[in-house]
Amino acid sequence: MRAGSVGAETRGGQPGPSPCSSLLFLPSPPNPSAPGSEASEPAVGGRAAAAGRGGGLRSPSRKRRAHRPPRDQCVRALDPAMWGLLLALAAFAPAVEVDLGAPSTSVLGLATTKAPVPTPRSSPAQPSAGKENGTSEQHVRIRVIKKKKIVTKKRKKLTHPRPPVTARPSVTTSPTGTLDLTEKQEPDCPPLGLESLRVSDNQLYASSSQSFGLGPHRGRLNIQSGLEDGDLFDGAWCAEQQDAEPWLQVDAGHLTRFSGIITQGRNSIWRYDWVTSYKVQFSNDSQTWWGSKNRSSGMDAVFPANSDPETPVLNLLPEPQVARFIRLLPQTWLQGGASCLRAEILACPVSDPNGPFPEVPVLGSSDSLDFRHHDYKAMRKLMKQVNEQCPNITRIYSIGRSHQGLKLYVMEMSDQPGEHELGEPEVRYVAGMHGNEALGRELLLLLMQFLCREFLRGDPRVTRLLTETRIHLLPSMNPDGYETAFRRGSELVGWAEGRWNHQGIDLNHNFADLNTPLWEAEDEGLVPDTVPNHHLPLPTYYTLPNATVAPETWAVIKWMQRIPFVLSANLHGGELVVSYPFDMTRTPWAARELTPTPDEAVFRWLSTVYAGTNRAMQDPDRRPCHSHDFSLYGSIINGADWHTVPGSMNDFSYLHTNCFEVTVELSCDKFPHENELPQEWENNKDALLTYLEQVRMGIAGVVRDKDTELGIADAVISVDGINHDVTTAWGGDYWRLLTPGDYMVTASAEGYHTVTRSCRVTFEEGPVPCNFRLTKTPKQRLRELLAAGAKVPPDLRRRLERLRGQKN
């Protein structure tokens, strides 16, 4: 559905030249639409007609030629006394650089035409690409006209390099005012908050909108559309087709120093719409406006915008502007499309104690932690610092390597790091499964700092947490993807870059599908007698050498099998919601469908605990991030009822291990600017701690051999009415998450008599003890005696003979 090519379009003509300017050495501006001109750009077909300008663009050069007198007339008008002077100038023209900002011509057509030199943003010029001797070559074109015969010659001219510029990146301007960025731009101000929703909907205005779903409140960077165009949640702001002067306006609410703009096109699976150039204006009262000007020409700057819908494009202003309002005025857009954009504004707060506006609220935290983004090297350094600061409660270990060889580091925090204590549950947080969702990574790095510091201070809540729980923090499951996103930067990474690992695999779709074999067995009535309802084995196809399983996925699977995790959360970004299993719909090919687990009540409890203690999720005034208003449902949702995710880590963890895991979508912004990290930490700090404490909800105990008092490994713990069992660890200890209520619990193990008892779960904190002592069956005793080489006692022999006779 792409229509035509992308190009820029001029808005208005340039001042006309003098009739004899081409002969009398008078400077004239270059013709932007002349063929071969460096400033010319292809026009967008149909743009002027769509804007109501009465047809296509007229060529300014054609208009000037209509009023230009014949060359002979201009030549005859010269005074003879001028001939000698002009001939002398013509003779020295190749050796004298005349730079008036435009090509210049001499009498008789003897002219020097110099290629336009890029004008830097700062006063010193950029260094030229010179040769080893410190000089650079520049071609000068000479036209010699004799009786209408044109002879073209070239000669080389040597120029000395000018001092280098390091202060700011170079910006060249075309005669039409378009800015050309010749170096990578680095923003010096943080985002105003369109993407993170710090800028509210009532701060956004527009000249017009095609519909409510394409209103100015949808013009936020990285906002995602719904599945259907024309609904209330479309993927950009779009002006009406007949709007001849479209604009999108942002009210910062305070005096603000604006320094740059980031734009995207429209997010849609049905249409292609994006702006290719725009101007910027500012105001303090929304009535009087001034524009951003080019330094060199003083004309309104025209900024190059997008060439596809999703890639963010950054433009820094030639000069930062202090104002309250900013407007983006699209000048050109994709041919056949509409004026649609998503944007983020880079702005620094301005303190004005005497001004009429209240002081800008400062995002911050009372905790003295390292609030910044950490690449792989910085992450390792920080984890090592925490380990050195708290060596008695921390241990760093690796569970494997990424596809590019980066280690998957885990920080263990417990009063006895490195060992599983009997009766102490294991909990994990996993972040960075999608490399561009960086907030979870930083929250776990902040959490380990916080736990270490508060433990040293003697905080009773943290002390109890670390003495009664073994915590494992994996801040980066996909370090390769994160490094890709980190290099792009928080505001320029876009929605998807860095999401996948280096092989292009989405790790959250890469775990074994255990749902399908379980549901097929249930349909055939084989569960739980023939097929277990827990600890389902890996399918054969998944373990083949040519199976597409990422090394990061295998590392996490082996980690799960090695440690008896009870509770987990997988930290993501891009929304504000907690989703729980099942993530895969039971009906094949269904895009979404409510698909609960047998532990629906427990998962809803866990999800509500996190969402209910998260500040952002509980904000009554917050708006939806994209196309779903999860606040209507308490900011929790069944994963399959949102969208189906086959091979998710949540479903795999529930069906292959004892671990109950949810997914936490932490923020609308996948990669928030580091100045927003203190606020995000405050939003999630209490939720992270409270969720860890939920591992004590339910029942816990040890299954022992009645004769030896030794723990029984792999004993099965079943709860009446819940078709999902858990098993004991190697020491016989177990944890079964349950909501408050009365339950009949059964413990069984191979070679032992089954024992059932009643266990009551209350609202009081702490797991309810529910221990079991199992007695071996006679058959098991006989096996053990025979295995030990002992003789069978006479009474047992006679009993076995009677049993065989009854069977016959």
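What you see is a predicted model, and the numbers here were worked out from it, not measured in a lab.

Chemist: Can you walk me through the overall build of the protein chain in this structure?
Modeler: Secondary structure summary: the protein chain contains 16 helices and 29 strands in total. Classification of the 808 residues of the protein chain by burial places 52% in the buried group. The contacts in the protein chain between residues at least 6 apart in sequence include a share of 75% that link residues at least 24 apart. In the form shown here, the protein chain has an accessible surface area of approximately 37,400 Å², with 53% of it arising from carbon and sulfur atoms.

Chemist: What is the right way to look at the packing of aromatic side chains in this model?
Modeler: Given two aromatic rings, one states the distance between the centres and the angle between the planes to describe the pair. If you walk through the whole model with that rule in mind, you get 21 aromatic pairs. A centroid spacing of 5.5 Å and a plane angle of 40° characterise the contact between Phe511 and Phe652, whose relative ring orientation is tilted. Placement of Phe511 in the loop between helix 8 (479-488) and helix 9 (515-523) and of Phe652 in helix 13 (residues 649-656) is noted, with a sequence separation of 141 residues between them. A relative accessible area of 4% means that Phe511 is categorised as buried. Summarising the aromatic geometry, the rings of Phe603 and Tyr654 are spaced 5.5 Å apart at their centres and angled 70° between planes, so their arrangement reads as edge-to-face.

Chemist: Got a minute to help me understand the pattern of salt bridges in this structure?
Modeler: Once their charged atoms are close, side chains differing in charge can pair, the charge on each being opposite to the other. On inspection of all chains with the given rule, the structure shows 39 salt bridges. Between Arg342 and Glu310 there is a salt bridge whose closest N-O contact spans 3.1 Å. Taken together, the positions of Arg342 in strand 13 (residues 340-349) and Glu310 in the loop between strand 11 (303-304) and strand 12 (313-333) put the pair 32 residues apart, joining distant regions of the chain. Its relative accessible area of 28% is what places Glu310 among the partly exposed residues. Glu682 is the salt-bridge partner of Lys685, the closest N and O atoms lying 3.8 Å from each other. A residue pair is termed a helical-turn pair when its members lie 3 or 4 positions apart in one helix, as Lys685 and Glu682 do in helix 14 (residues 677-693) at three residues. By relative accessible area, Lys685 is classed as buried at 16%. Exposure remark for Glu682: the relative accessible area of 11% places this residue in the buried category. Connected through shared salt-bridge partners, Asp367, Arg453, Glu454, Arg457, Arg615, Glu682 and Lys685 make up one network.

Chemist: Where do I start with the nonpolar core in this structure?
Modeler: By size, the foremost hydrophobic cluster in this structure holds 100 residues, and its most contacted members are Met413, Tyr429 and Trp559. Looking at this core, the element that brings in the most residues is helix 6 (residues 439-457), giving ten residues. Those residues in contact with Trp559 that sit more than four places away from it in its chain are Tyr397, Ile399, Val410, Arg428, Val430, His472, Leu474 and Phe565. Within the second largest apolar cluster, 26 residues are counted, among which are Ile261, Phe282, Leu317 and Ala323.

Chemist: Help me out: how do you make sense of the sheet that holds strand 21 (residues 660-665) in this one?
Modeler: Pairing between sheet strands relies on hydrogen bonds along the backbone, with the strands arranged either parallel or antiparallel. Pairing within the open sheet is mixed, and its eight strands lie in the order 14-15-17-16-18-21-19-20. At either margin of the open sheet sits one strand with a lone partner, and together these are strand 14 (394-401) and strand 20 (636-638). With strand direction ignored, the average angle separating the axes of adjacent strands in the sheet is 20°.

Chemist: Explain the packing of helix 5 (residues 376-389) against helix 6 here, please?
Modeler: Geometrically, a packed helix pair is captured by the angle between its two axes and the distance between the axes. Their axes nearest at 10 Å, the elements helix 5 and helix 6 cross at an angle of 15°. One element, helix 5, and the other, helix 6, form an angle in the roughly parallel class. With respect to the hand of their crossing, helix 5 and helix 6 are arranged in left-handed fashion. Contacts between helix 5 and helix 6 involve Tyr376, Met379, Leu382, Met383, Val386 and Gln389 from the former and Arg441, Leu445, Met448, Gln449, Cys452 and Leu456 from the latter.

Chemist: For this particular structure, what's the right way to read a positive patch on the surface?
Modeler: A surface patch of like charges, here positive, comprises Lys779, Arg783, Arg804 and Lys807. Elements with a contribution of two residues or more to the positive patch: helix 15 (778-787) and helix 16 (794-807). Locating Lys807 in the fold gives a position in helix 16. Looking at Lys807, the relative accessible area reads 74%, which means it is exposed.

Chemist: It is not clear to me how the state of the cysteines should be interpreted in this structure. Could you clarify?
Modeler: By definition, a disulfide is the covalent link that joins the sulfur atoms of two cysteine residues. Applying the stated criterion across every chain, the model contains five disulfides. Each disulfide pairs two cysteine sulfurs, and for Cys189 the partner residue is Cys348, the sulfurs being separated by 1.8 Å. Disulfide Cys189-Cys348: torsion about the S-S bond near -110°, hence left-handed. Here Cys348 lies in strand 13 and Cys189 lies in the loop between strand 5 (179-181) and strand 6 (204-206), a separation of 159 residues in the sequence. Taking relative accessible area as the criterion, Cys348 reaches 15% and is therefore assigned buried. In this model, Cys390 is linked to Cys452 through a disulfide, with the two sulfur atoms separated by 1.8 Å.

Criteria and cut-off values
- Residues numbered from 1 in each chain as written.
- Predicted model: local features only at pLDDT ≥ 70, side-chain atom pairs only at ≥ 80, totals over all residues.
- Heavy atoms only, no water.
- Helix = DSSP H or I, 4+ residues; strand = E, 2+ residues; numbered from the N terminus.
- Buried < 20%, exposed > 50% of the residue type's maximum accessible area, 1.4 Å probe, protein only.
- Contact = heavy atoms within 4.5 Å.
- Areas by Shrake-Rupley, 256 points an atom, 1.4 Å probe, with all protein chains shown as cover.
- Phe/Tyr/Trp six-rings, centres within 6.5 Å; stacked < 30°, edge-to-face > 60°.
- Salt bridge = Lys/Arg side-chain N within 4 Å of Asp/Glu carboxyl O.
- Core = buried A, V, L, I, M, F, W, Y, C linked by side-chain atoms within 4.5 Å.
- Pairing = 2+ DSSP bridges.
- Axes fitted to C-alpha atoms, helices over the stretch in contact; angles between N-to-C directions.
- Parallel < 35°, antiparallel > 145°, perpendicular 65-115°, else oblique.
- Left-handed = near helix turned anticlockwise from the far one by under 90°.
- Patch = residues over 30% accessible without salt bridge, like charges linked within 9 Å, V, L, I, M, F, W, Y side chains within 5 Å.
- Lys, Arg positive; Asp, Glu negative; His and termini not counted.
- Charge placed at Lys NZ, Arg CZ, Asp CG, Glu CD.
- Disulfide = S-S within 2.5 Å.

Remember that the coordinates give geometry; whether it matters functionally is a separate question.
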